[in-house]
Amino acid sequence: MFRTLISTDDLETRLAQPDIVICDVRHDLAKPDAWGREQYAAGHIPGAIFVHLDTELSAPRTGTNGRHPLPTPEQAAATFGRLGIAKGKHVVAYDQGGGAYAARLWWMLRWLGFESVAVLDGGYAKWSAEGRVVSTDPTQPTPATFDIARVTPTVNATGVMASIPRQGLLILDARAAERYRGETEPFDPVAGHIPGARNRPHTQNLNADGTFKEPAFLRAEFGAILDGVPHDEVVHQCGSGVTACHNILAMEIAGLTGTRLYPGSWSEWCADPSRPVEAG
């Protein structure tokens, strides 16, 4: 059972196994509607099912609940069932490269107590660069019943707001440094960050080839930014609750477990003008 990452070698040897569900989560925030489907149609790992970040791994937007609202557990379970995910299956999620979108599916399954899920290390970029077999045949999943084993606690905006005066939580922001500092904001109407948040861009979890750094390196880097803060006080956020999952995955790889997600993240936070904002 793979619980964090799976290598391209290990996945290739398991392609024909009937208990594996491979999910293609390729996505482009600048071209969200069609880009992922177009990439999937042009070529994908054999047997992979396309999963759309906006329509299948997110709930409808209201304008105040962020750009990728987290579905209810029941909504997510229904989606996973349609994908053929159930007890006894092993799920592999991949995207175009470093796992920023695949990690969202990984986290959502873990959120509901499904442990047998891994992100393909290096994603489709590594798979195709290595000359491994690809397919243009779409895969139709066989629906199954997905049972919710548990619902892992998350943190909402109210909890984050309450923690700010007493510094009760360490908010770890996975966005690029220039977005964190408020120098630029390509997606949301307000620039800056949650007061007191620390910045750990999710891209720092990766080697130059798009694979994750070794556990010891990740452990040292996260240890330096946490500076002794207990893991259960760490809350991850990003722009919309997607790349924050990449930091959660990286900490899991490093053996630093028990951290939580603020699903609404910056896009929800800044939608309410009464919430404080820091820059710099």
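Details of the structure are given in the entry above.
From a predicted model like this one, the values you see are computed outputs, not experimental measurements. (Residues numbered from 1 in each chain as written. Predicted model: local features only at pLDDT ≥ 70, side-chain atom pairs only at ≥ 80, totals over all residues. Heavy atoms only, no water.)

Caption draft 1: Region of interest: the overall build of the protein. For the protein, the helix and strand inventory stands at 11 helices and nine strands. Rg of the C-alpha trace for the protein: 18 Å, near the compact-globule value of 19 Å for 280 residues, within the 12% margin. Seen through its principal axes, the protein has C-alpha atoms that stretch 55 × 40 × 35 Å. For the protein, the residues scored as buried account for 53% of the 280 residues in total. Partitioning the contacts of the protein with sequence separation of at least 6, the portion at a separation of at least 24 is 77%. Carbon and sulfur atoms form 52% of the exposed surface of the protein, whose accessible area is close to 11,900 Å². Where the 25 positive side-chain charges of the protein centre and where its 32 negative ones centre are 3 Å apart. (Helix = DSSP H or I, 4+ residues; strand = E, 2+ residues; numbered from the N terminus. Rg over C-alpha atoms; globule rule 2.2 N^0.38 Å. Buried < 20%, exposed > 50% of the residue type's maximum accessible area, 1.4 Å probe, protein only. Contact = heavy atoms within 4.5 Å. Areas by Shrake-Rupley, 256 points an atom, 1.4 Å probe, with all protein chains shown as cover. Lys, Arg positive; Asp, Glu negative; His and termini not counted. Charge placed at Lys NZ, Arg CZ, Asp CG, Glu CD.)

Caption draft 2: Molecular detail of the sheet that holds strand S6 (residues 170–173). Within the open sheet, the four strands sit side by side as S7-S6-S8-S9. Their pairing is parallel. With one partner strand each, in any of the chains shown, strand S7 (198–199) and strand S9 (260–261) form the two edges of the open sheet. Relative to S7, S6 runs parallel, the two sharing two bridges. Residue pairing for S7: Asp173 is matched across the bridge by Asn199. Sitting on the sheet, helix H10 (residues 244–253) is in contact with strand S8 (234–237) and S9, with an inclination near 140° to S8. (Pairing = 2+ DSSP bridges. Axes fitted to C-alpha atoms, helices over the stretch in contact; angles between N-to-C directions.)

Caption draft 3: Representation of the nonpolar core. Grouped together as the largest cluster of nonpolar side chains are 52 residues, with contacts concentrated most on Phe80, Ile85 and Leu109. Within the residue set of this core, elements represented by two or more residues are strand S2 (20–24), helix H4 (73–82), strand S4 (90–94), helix H5 (102–111), strand S5 (117–120), S6, helix H9 (215–226) and H10. Sorting elements by how many residues they give to this core places H5 first, with eight residues. Every residue in contact with Ile85, bar those within four places of it in the chain, is listed here: Val21, Phe80, Val91, Leu109, Phe114, Ala144, Thr145 and Phe146. One finds Ile22, Phe50, Val92 and Trp127 within the second-largest nonpolar core, a separate group that totals 14 residues. (Core = buried A, V, L, I, M, F, W, Y, C linked by side-chain atoms within 4.5 Å.)

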